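Fold and geometry: a report
These are the residues of each chain, in order.
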Amino acid sequence: MKRDNNHLQPNPDPSSSLCGGSSPGKANLWEEEATQQDCGMDELLAVLGYKVKTSDMAEVAQKLEQLEEVMCNVQDDGISHLASETVHVNPSDLSTWLESMLSELNPPSFDPFGAAGKTAPMGTLDDPFLGGPAESSTLTTLEFENNNRKHQKRGQQIFEEASCSDYDLKAIPGKAIYSQNTRTQPQTHDSSSSSTLNNVKSEKRLKSTSGSHSDIFPPPPAVSYGIPTDSVRPVVLVDSQENGIRLVHALMACAEAVQQNNLNLAEVLVKQIGFLAISQAGAMRKVATYFAEALARRIYRLYPQNPLDHSLSDILHMHFYETCPYLKFAHFTANQAILEAFEGKKRVHVIDFSMNQGMQWPALMQALALRDGGPPAFRLTGIGPPSHDKSDHLQEVGWKLAQLAEKIHVEFEYRGFVANSLADLDASMLDLRPSEVEAVAVNSVFELHKLLARPGAIDKVFSVVKQMKPEIVTIVEQEANHNGPVFLDRFIESLHYYSTLFDSLEGSVSSRDKVMSEVYLGKQICNVVACEGVDRVERHESLTQWRNRFGFAGFSPVHLGSNAFKQASMLLALFNGGEGYGVEENNGCLMLGWHNRPLITTSAWTPANKTTATSTITN
Amino acid sequence: MSCCELGLFFKRFCFKLLRFAFKSSKKGEMAASNEINLNDCKMVVPLNTWVLISNFKLAYNILRRPDGTFNRHLAEFLDRRVPANANPVGGVFSFDFLIDRGTGLLSRVYRPATGEEPQLNIVDLEKPVTADVVPVIIFFHGGSFAHSSANSAIYDHLCRILVGNCKAVVVSVNYRRAPENRYPCAYDDGWTALKWVNSRSWLKSRKDSKVHIYLAGDSSGGNIVHHVALRAVESGIDVLGNILLNPMFGGQERTESEKRLDGKYFVTLRDRDWYWRAFLPEGTDRDHPACNPFGPNGRSLEGIKFPKSLVVVAGLDLIQDWQLAYVEGLKKAGQEVKLLYLEQATIGFYLLPNNDHFHVVMDEISKFVSSDC
């Protein structure tokens with residue numbers, strides 16, 4: 001006897017919406033993830049993480065049966081091929097995942113041993129470029145061209161074990177990126193024309209058909225602010241001590257007083273926090289101190305001086321890069337997606353919204369250099385904020401990258417752009433070339449959320465990005481909602497978030513790195529808590545919210561697969577044995593977390609209706 | 001005989017009759033594991049359950065390597081996970097807790113929302129329980145010691161249901177898994193979690209200022225329940241009851257149910273053997289007491305104040321003979337045990353609420369956990 005079991009089921013999210021029409025191949029399915037009854041998704045499986053339409057259930061069952069049969073026949077070799085060679089993508093979409101495996105095992109000319117030969121992408125980086133704070137000049141743009149036609153010199157490369165697909169980056173050990181080295185003059189090389197063989201892939205890439213079943217977005221919100229907030233709040237508690245609880249109580253109470261504009265009370269409480277914090281140990285004390293300082297600034301209206309000295313900012317950024325895996329994970333996963341998107345392209349152009357010291361690019365350039373058939377011509381446009389002394393920071397960075405390109409024989413072109421805001425950019429400034437000539441990737445690491453401080457800015461940027469006709473847009477953002485309309489909510493969210501982040505730093509070996517990273521994060525805390533309006537730039541939003549924004553703006557997701565996942569996991573093992581850090585796959589995006597709490601997310605996108613224009617792009 | 005013993009006797013008698021009618025088609029383990037009896041399988045479970053469990057079966061086949069190693073990266077990638085959620089959903093909120101930094105032991109705590117405020121502060125997470133008696137169920141997820149995690153979607157879902165069903169707090173332990181971490185790591189982690197739960201002031205029932213602890217688990221989790229309960233007894237921590245759902249036990253001998261049901265309902269002997277080899281200390285066999293607690297190397301629990309047990313056995317689970325032997329072993333030692341034998345149930349029936357067995361079991365668990373009031 002079936003009985004009413006509603007009391008046993010978690011209630012679906014009340015903010016569900018009806019679905020619209022769908023067209024194959026396009027990401028036009030508008031659905032709310034929590035309730036799929038209206039759209040025919042099997043509810044029970046959906047709760048367990050699998051998206052299967054009720055109408056497809058029998059077909060999916062059939063595929064499972066077929067696969068079982070095939071696997072019995074293929075035996076261990078075929079199975080191990082599926083395990084180690086195949087790239088799996090978006091396992092939530094059962095139908096597509098099964099279909100991909102079926103075609104993997106049953107293609108017309110099946111070769112389970114991948115006889116086409118593998119080359120390992122890259123070894124440890126032995127061509128680091130100079131680190132250190134940049135001297136700057138007043139030039140706003142700078143172009144570098146490496147006119148030598150380079151070809152790949154395999155003898156000089158280091159190969160690693162061939163267990164990864166052609167287009168995998170290898171986990172980069174920390175210090176290899178930045179080490180002291182003397183500058184060398186660019187050398188002229190004898191060049192011979194490179195063969196322009198098309199790249200031959202030895203492994204099949206399983207792609208989930210983008211937009212068919214697996215990509216669901218709620219309907220467009222009315223305004224660009226006020227995106228519905230995420231209803232999931234992951235929390236991980238580490239150590240609950242008596243003092244810790246009192247400290248948190250005090251912080252909350254103070255924030256509440258600020259929220260209610262009871263500044264006298266807030267003032268009293270913020271002083272208490274100071275005393276309580278001293279009695280704490282470790283991460284909690286530091287986090288509490290930063291939050292208390294930020295609260296104090298808000299209470300006394302001593303807003304932080306916004307422009308941070310560029311060289312100091314660079315130093316902090318670099319220490320953060322070394323201390324913990326977040327930036328490396330970001331660069332690594334984004335590069336993996338870019339590498340795959342650039343497959344087969346002869347000329348590529350990366351537009352980096354988050355240039356900083358360009359630390360992301362040596363790895364990508366190295367991987368491109370080792371590509372089957374030789375590297376593409378690589379153009380990089382780096383965008384960054386203006387410096388406050390007269391130096392040209394972007395020029396320095398470009399120069400260093402050019403030297404690297406020289407060494408690894410990659411044809412290189414560079415341009416730096418200074419912009420106060422990404423919204424100041426127009427496609428016409430970027431000297432875009434037709435997309436059939438040059439493939440574009442747009443990259444943004446921890447930059448996009450800043451645009452949410454000004455109305456219209458994010459929309460402008462989305463529109464400009466679409467004009468670039470990118471193959472791929474890689475985004476890394478903090479996985480948190482620090483942009484809600486209510487101050488107290490933002491305070492609570494960010495307290496959870498930064499407590500977790502600080503806790504993850506505790507295991508760092510170098511105390512100097514740790515302190516610098518804490519200062520780096522402390523500035524973010526200050527911004528979230530003390531600033532408002534256009535000054536509050538640390539407006540982090542969650543993956544769900546970014547999915548909404550990208551979907552609304554006309555982008556569809558590009559999924560990151562099991563190869564990127566595995567490599568990212570291996571990267572984490574380099575940090576303190578990987579203890580505590582974990583990678584998670586979430587509908588094609590990769591999240592890095594500390595003890596189950598997701599902290600940053602890498603996602604990739606492409607314009608939904610990409611057309612190959614025959615006319616030039618410049619406008 | 002009690003009612004359930006009578007029922008059991010009757011069922012076994014029927015099976016003995018049926019067995020003569022069964023064709024014996026097994027010619028060696030290879031043939032057995034390859035024989036696909038999908039029609040039988042599909043007829044006893046709803047289609048979406050069949051899809052779910054078959055999908056796991058398929059994925060797990062890919063992850064297990066013949067040399068005994070495990071493709072952990074791919075396993076982590078494929079596993080569907082959900083984050084903890086401090087916002088109440090369906091009357092339940094959850095948060096993760098790092099119980100032991102040394103081993104990285106996390107547990108996910110599920111609590112009923114009291115309905116006061118939609119947004120919970122970090123301080124509210126550890127607010128003391130208010131009712132006179134609040135059962136605290138320490139849950140050990142299944143996965144044959146190698147698969148799944150506390151934050152796997154299937155187990156997050158199950159734990160949430162347990163909260164509502166039993167008006168309990170549930171603590172789901174993210175124990176270390178094989179083959180990277182063999183016996184006794186999972187038991188050690190279970191023991192650590194038990195001590196932690198027992199020492200939380202905010203979990204103490206008002207009635208007697210004690211934490212009312214129950215241990216529950218499915219598959220390998222059920223096995224862990226038994227062994228953690230043993231340690232509790234030896235150390236004087238009170239466990240009020242054990243709930244074992246399709247618990248994972250075994251032995252060197254090939255039992256009748258193993259031979260009869262090998263490969264028929266999602267599970268093969270071959271994969272059972274693989275998981276035991278991955279979990280048990282190298283060089284030991286399945287008569288190790290971890291696997292076979294009442295076997296030749298086991299010990300009698302006679303005279304020991306062991307918690308009462310609720311053991312759920314699925315009639316289409318090939319290891320049921322071992323599970324039934326476990327129940328017998330408890331009885332022989334004079335321990336209180338209730339057997340719930342579900343004739344037509346397969347493994348994993350409790351993962352989806354779309355069948356009668358699910359509701360029967362939830363009822364029984366609810367009664368089991370409230371009966372100490």
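As the structure is a computational prediction, the values presented were derived from the model and not from experiment.

1. Here we look at the UniProt feature "active site" (unreviewed entry) in chain B
All names here are of chain B. As annotated in UniProt, the feature "active site" (unreviewed entry) corresponds to S219 in the numbering used here. Position of S219 relative to the elements: it lies in the loop between β5 (212-218) and α8 (220-235). Non-local contacts of S219, meaning those with residues more than four positions away in its chain, are made with G142, G143, S144, L245, N246, P247 and M248.

2. Quick look at the packing of aromatic side chains
Following the criterion strictly, the structure yields 35 aromatic pairs over all chains and no others. Centroid distance F56 of chain B to Y60 of chain B: 5.8 Å. Interplanar angle 15°. Geometry classified as stacked. In this pair, F56 of chain B and Y60 of chain B both sit in helix α4 (residues 47-63), four residues apart, roughly one turn of the helix. Exposure remark for F56 of chain B: the relative accessible area of 13% places this residue in the buried category. Both rings, one in F349 of chain B and one in Y350 of chain B, keep their centres 5.3 Å apart while their planes meet at 80°; by these two values the pair is edge-to-face. A relative accessible area of 5% places Y350 of chain B in the buried class. Of the aromatic side chains, those joined through ring pairs into one cluster are F291, F487, F491, Y497 and Y498 of chain A. Sitting above the plane of the W546 of chain A ring, R549 of chain A keeps its charged end 5.8 Å from the centroid.

3. Describing the pairing of β5 of chain B
Residue and element names in this part refer to chain B. Burial of β5 is extensive: seven of the seven residues sit out of reach of the surface. The alternating pattern of β5 places H212, Y214, A216 and D218 on one face and I213, L215 and G217 on the opposite face, and all of these are buried. Inspection of the sheet shows strand β3 (residues 135-140) paired to β5 by six bridges, in the parallel sense. When the bridges of β5 are listed, I137 appears paired with Y214. Across five bridges, β5 lies against strand β6 (residues 241-245) in parallel orientation.

4. With respect to the UniProt feature "domain: Alpha/beta hydrolase fold-3" (unreviewed entry) in chain B
The UniProt record marks residues 137-350 of chain B with the feature "domain: Alpha/beta hydrolase fold-3" (unreviewed entry), using the residue numbering of this structure. From the first C-alpha to the last, residues 137-350 of chain B spans 17 Å; its make-up is 35% helix and 16% strand.

5. A short note on helix α10 (residues 393-408) of chain A
Residues and elements named next belong to chain A. Taking 1.5 Å as the rise per residue, α10 with 16 residues should run 22 Å; its terminal C-alpha atoms sit 23 Å apart, in good agreement. Along α10, 13 of the 16 residues are buried, which leaves the element largely enclosed by surrounding structure. Sitting at the amino-terminal end of α10 is D392, which places a side-chain oxygen 3.2 Å from the backbone nitrogen of L394. Among the residues trailing α10, H409 stands out with phi positive, at a value near 60°.

What counts, and where the lines are drawn
- Residues numbered from 1 in each chain as written.
- Chains lettered and ligands numbered in written order.
- Predicted model: local features only at pLDDT ≥ 70, side-chain atom pairs only at ≥ 80, totals over all residues.
- Heavy atoms only, no water.
- UniProt positions renumbered as here; feature names shortened; annotations may be inferred.
- Helix = DSSP H or I, 4+ residues; strand = E, 2+ residues; numbered from the N terminus.
- Contact = heavy atoms within 4.5 Å.
- Phe/Tyr/Trp six-rings, centres within 6.5 Å; stacked < 30°, edge-to-face > 60°.
- Buried < 20%, exposed > 50% of the residue type's maximum accessible area, 1.4 Å probe, protein only.
- Lys NZ or Arg CZ within 6 Å of the ring centre and 35° of its normal.
- Pairing = 2+ DSSP bridges.
- Expected span 1.5 Å × (residues − 1).
- Polar contact = N/O pair within 3.5 Å; in protein donor to acceptor, adjacent residues only side chain to side chain.

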